[in-house]
Amino acid sequence: MDGIPVAARPIEILLVEDNPGDVRLTQEALKEGKVRNHLNVVWDGMAALAFLRREGEYEGAVRPDLILLDLNLPKKDGREVLEEVKGNPELRRLPVVVLTTSEAEQDILKAYDLQVNAYITKPVDLDQFIGVVRAIEDFWLTVVKLPSG
Amino acid sequence: MSSYAAALRELYEITADRDLEFSAKLRALLRMGCRRLGLDMGFLARIRGGRCEIVAADGAETVVEEGSLYALEGTISHEAVQAGEPVHFTRAGDPRSSPRHPSYDASRMAAYIGAPVVVGSEDFGLLEFSSSRARPGPFTETERDLVTLMAHWIGGELQRRRAEDALRASEAKFAGILEVAVDAIISVDEEQRIVLFNRGAEGTFGYSSEEIMGQPLDVLLSEGARSAHRNHIREFAGSPVSSRRMAERQEISGRRKDGEEFPAEASISKLDTPDGKLFTVVLQDITASKRAHDELARSNAELEQFAYVASHDLQEPLRMVASYTQLLARRYRGKLDEDADEFIGYAVDGVNRMRELINDLLLYSRVGMQVEEFVPTDLERVVKDTLADLELTLEETDGVVTSDPLPVVLGDEGQLLQLFQNLIANALKFRGDDSPRVHISAQRSGKEWTVSIRDNGIGFDPEHLDRVFVIFQRLHNRREYPGTGIGLSLAKKVVERHSGRIWAESEPGRGSTFSFTLRDGG
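Just so it is clear, the structure is predicted and the values come from calculations on it, not from any experiment. (Residues numbered from 1 in each chain as written. Chains lettered and ligands numbered in written order. Predicted model: local features only at pLDDT ≥ 70, side-chain atom pairs only at ≥ 80, totals over all residues.)

Residue and element names in this part refer to chain B. Pairing is mixed across the open sheet formed by 5 strands, whose spatial order is β13-β15-β16-β18-β17. One side of each edge strand has no neighbouring strand; the edge strands of this open sheet are β13 (400-403) and β17 (502-506). The mean inter-strand angle of the sheet, taken between neighbouring strand axes irrespective of direction, is 20°. By the bridge criterion, 8 bridges tie strand β15 (residues 437-445) to strand β16 (residues 448-455) in an arrangement that is antiparallel. Each bridged residue has a counterpart across the sheet, and for Q443 the counterpart in β16 is T450. (Pairing = 2+ DSSP bridges. Helix = DSSP H or I, 4+ residues; strand = E, 2+ residues; numbered from the N terminus. Axes fitted to C-alpha atoms, helices over the stretch in contact; angles between N-to-C directions.)

If you want it as structure tokens, here you go:
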């Protein structure tokens, strides 16, 4: 079977990132991608969980197809967000890609322990960054067959 | 009794008299000589530098005073010195005697006998007796022997006194050194009882010399150090390499009068004396230097931590600057004006360079941050892995790396990989016109291996030896040879983390050899 047909609607991506520079870079990188997408941005871990649980101001939020998660976040950091997502039966099937500057081995191991779907270090080079975002897009949205719903 | 025997007895009585000082004995001898020889004056003259100095004078008619000095030239003394054996005459002034003695006009001495005085191997001067009156008969053989004997005794006595003076001076010097030495100097006898305790020891241990004398050395050692030290001394005493003295420096734990224990460095020497073996300990309180050392180590660790954190945290803002200058370049190059393109170009270059520096700094500080687990590591495998990593460079440069059999050393494999990678990559990078040839050799000495990496590259002036291992120091401009200048400093750091030493030998145009030591791991 080929991947899920995605042409019908734009892909919903939740980006959890507190650095506006990175948010914009991700937007720019996705702009150059070939998959139609809609980027939802939240700035900290609490907001990310509220978005996913459709609480408060996120009552009408969409269920994202992919979560791009920074590790170092205010209020609730990425590791905690990851833990809650993977521990929640409704959310645990959501693909989560950790996108961070941390190359620390314990961060990487911890993230895989928490069943992260991919762990990617943000490259300093722009071309590489764009390449990474596109690879994520390609891999998770066109190649991998995800459980539907 | 013959007169000779009587003279000998008198000579003996004078020289053996314990109550007489040397100068008094000397005068008594001169007086005795005058009397027995029937002459008026006796002298001991010191002769040097063409002058004659009267050291002692005695007799019935002393026309020359002690301490007086006169020129040697033309005097009878001159002749006597040159003769090197007793010279004598009895009737120099007598117009009937022929030939007339040439010195008579100068000194008016009619009778004279002089014998050389030799001190050790040095010609000291003369023992002389003379008279302005002629002597009735010539000097007998006995009389000449007596003068020679006196001269011998005086020479021997002078030498003994010189040796004593030298010994006294050396003792005084030694005592002076003992007193002013900051180090504690303590001697113990074979029973390990303290027999010498200098001022430095008083300062270090808080005991006065009087109260510690005769006490066992143990008093000055911490409890833990006592038996070890006793054994050490016993071993040392019976050591077969028992040269008269030997010293080895080691760290021990001392104990002050107030009970405080302190780290000290001590060396010990052994001296065989007529009263038995004497052990002398020279000891230095190293509390301060140890503290300074610990302080330095901590401050270095902090610096390393700082470098790590700084380079790590700098990456984030750097990534922003880099990404957006690149984005600018990507979107707007050629769309603004020429100036804008140039500016963007410089910004991108600067950022790239900063990125290299920060990455290298991070790499460098990580070597210090890692917890070391040194295990036996096969350098053959390390080199094989290194060459696999450098395969592309080797192909591009047509380089060949050869190696002797390499040992197993104690080390961290990751760090050793970095070490070889940097040194071999360096050898390939700084190649000359010929394709690079690199040879790795290893030599063992004791528990240590010296590994050398020799190349046929451009080399460098030995005056830069100090600089090549300093982080971010470069000998070439970046257009000739790109790079941040991290390679060798990283190599040095890895070697030093492994308790080794690294050094280079090079000459411009004649290649370089980088050598380092590692502990044997076999």
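A few words on helix α2 (residues 45-53) of chain A. All names here are of chain A. Every buried residue of α2 is listed here: G45, A47, A48, L49, F51 and L52. In this fold, the buried residues of α2 make contact with β1 (11-16), β2 (37-42) and α3 (78-87). Taken from the residues just after α2, R54 is the one with a positive phi, measuring 55°. (Buried ≥ 20, exposed ≤ 12 C-beta atoms within 10 Å, placed from the backbone. Contact = placed C-beta atoms within 7 Å.)

With 9 residues of chain A at the contact, the number on the chain B side is 11 residues. The set of elements that each furnish at least two residues to the side of chain A that touches chain B consists of α1 (20-31) and α5 (126-143) of chain A. With 3 residues, α1 of chain A is the single largest residue contributor to the side of chain A that touches chain B. Split into classes, the residues belonging to the side of chain A that touches chain B amount to 4 nonpolar, 2 polar and 3 charged. (Nonpolar A, V, L, I, M, F, W, Y, C, P; charged D, E, K, R; others polar.)

Let's shift gears to unusual backbone geometry. Apart from glycine, the bulk of residues carry a negative phi angle, and the bulk of peptide bonds sit in the trans form. Non-glycine residue R54 of chain A carries a positive phi angle of around 55°. Even without being a glycine, S499 of chain B presents a positive backbone phi close to 60°. As for its position among the elements, S499 of chain B is in the loop between α14 (487-497) and β17.

Next up on the list: the environment of E137 of chain A. All names here are of chain A. Along the chain, the position of E137 falls in helix α5. As for E137 and L66, which are separated by 71 residues in sequence, their C-alpha atoms are 8.9 Å apart. Contact partners of E137, with chain neighbours within four places excluded, come to L30, G33 and V35.

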